[in-house]
Amino acid sequence: MKKYKTKKPYYIALIIYFIFLSFRYMQGTDYYSYYYAYFFERNIIDAYNYGFVRDFEFLYNLVVSIFKTFNLSFFTFISCMSGLVLALYNRFFKAYKVDSVVSVILLYMLYGIVFIESALRQGIALALLLGISVVGNSICNVDCKVENYSINTIVVKIMLNIKINYWKKYLK
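Conventions adopted
- Residues numbered from 1 in each chain as written.
- Predicted model: local features only at pLDDT ≥ 70, side-chain atom pairs only at ≥ 80, totals over all residues.
- Heavy atoms only, no water.
- Helix = DSSP H or I, 4+ residues; strand = E, 2+ residues; numbered from the N terminus.
- Buried < 20%, exposed > 50% of the residue type's maximum accessible area, 1.4 Å probe, protein only.
- Lys, Arg positive; Asp, Glu negative; His and termini not counted.
- Salt bridge = Lys/Arg side-chain N within 4 Å of Asp/Glu carboxyl O.
- Polar contact = N/O pair within 3.5 Å; in protein donor to acceptor, adjacent residues only side chain to side chain.
- Phe/Tyr/Trp six-rings, centres within 6.5 Å; stacked < 30°, edge-to-face > 60°.
- Axes fitted to C-alpha atoms, helices over the stretch in contact; angles between N-to-C directions.
- Parallel < 35°, antiparallel > 145°, perpendicular 65-115°, else oblique.
- Left-handed = near helix turned anticlockwise from the far one by under 90°.
- Contact = heavy atoms within 4.5 Å.
- Nonpolar A, V, L, I, M, F, W, Y, C, P; charged D, E, K, R; others polar.

Engineer: Where do I start with the side chain of Lys68 in this structure?
Structural biologist: Here Lys68 is to be found in helix α4 (residues 58-69). Here Lys68 is buried and forms no salt bridge, its nearest opposite-charge partner Glu41 lying at an N-O distance of 8.6 Å. Engagement of the side chain of Lys68 in a polar contact is seen with the backbone oxygen of Tyr38, the distance being 3.3 Å.

Rendered as C-alpha cells:
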C-alpha cells in the first residue's frame, strides 16, 4: 500500500501566515509611509493625466492607482499584496519540493518581518523574482538544489545569471 504525503499542514501554515499578514496594522517600520502614499495617490485616470503623486516604482504606483480607482481600502490592498507574495513563494517552494511547514516558518523568520511586512515594495520584488522566474526545476537556467544553497545564494545566482545573459547579448 502506497503512503501519500499530505500537504495539509503546509497549506494551513500558509493560510495562517496570510491571515497574520492581512490583518497587520501599524506593523513594520514603513507602515505609515505606505499608508500615506496609498492615501494620497491618485486614481488611474488622474494618474494618467497628471502623473503619480509619489516617486515609487512605476509598477507599484500603477497597482496602487488601480486599487484607488475602485475605492478599495489600504487594508484590501495589503491583503491582496500579501496573497500575491505568498502565492509566488508557494510557487518557488513547490518548484524545489520544499513545500513544508518549515519553509513557511523560515520564510517568516528570515524574510517576513523585514521584506514582506516592512519593506513592502522590496518584498514584492523579491517574491516576483523567485516566483515568476521559476521554470521547471531551474531558475533562469541556473541549476541549483535547495539542499545545497540558501535562498540568498539562489537570489545572487539568479541576479548574476540575468546580468551575464544581458551582457552576452551585447558582446556578440
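Engineer: So what exactly am I meant to see when it comes to the packing of aromatic side chains here?
Structural biologist: With the rule as written, the count across this model stands at 23 aromatic pairs. Seen in terms of ring centroids, Tyr35 and Phe74 are 5.4 Å apart; in terms of plane orientation they differ by 85°. Their pairing is edge-to-face. Of this pair, Tyr35 sits in helix α2 (residues 31-40) while Phe74 sits in helix α5 (residues 74-95), and the two are 39 residues apart along the sequence. Here Tyr35 falls in the partly exposed class, since its relative accessible area comes to 32%. The exposure class of Phe74 is buried, given its relative accessible area of 7%. Judged by centre distance (5.6 Å) and plane angle (80°), the ring pair of Phe56 and Tyr60 falls under edge-to-face. With respect to class, Phe56 is no different from Tyr60; both count as buried.

Engineer: I tried to follow the packing of helix α1 (residues 8-22) against helix α6 (residues 101-118) on my own but got confused; where do I start?
Structural biologist: When two helices pack together, their arrangement is given by the angle between their axes and by how far apart the axes lie. Contact geometry of α1 with α6 gives a least axis separation of 10 Å together with a crossing angle of 20°. Relative to α6, α1 is oriented roughly parallel. For the pair α1 and α6, the crossing hand works out as right-handed. Residues Pro9, Tyr10, Ala13, Leu14, Tyr17 and Leu21 of α1 touch α6, and the partners they reach there are Val101, Val104, Leu107, Tyr108, Gly112, Ile116 and Glu117. Taken together, the residues of the contact of α1 with α6 break down into 11 nonpolar, 1 polar and 1 charged.

Engineer: Please explain the environment of Leu84 as it appears in this structure.
Structural biologist: For Leu84, the location among the structural elements is in helix α5. Taking the C-alpha atoms as reference points, Leu84 and Ile124, separated by 40 residues in sequence, lie 8.1 Å from one another.

It is worth stressing that arrangement in space is one thing and function is another; only the former is reported here.
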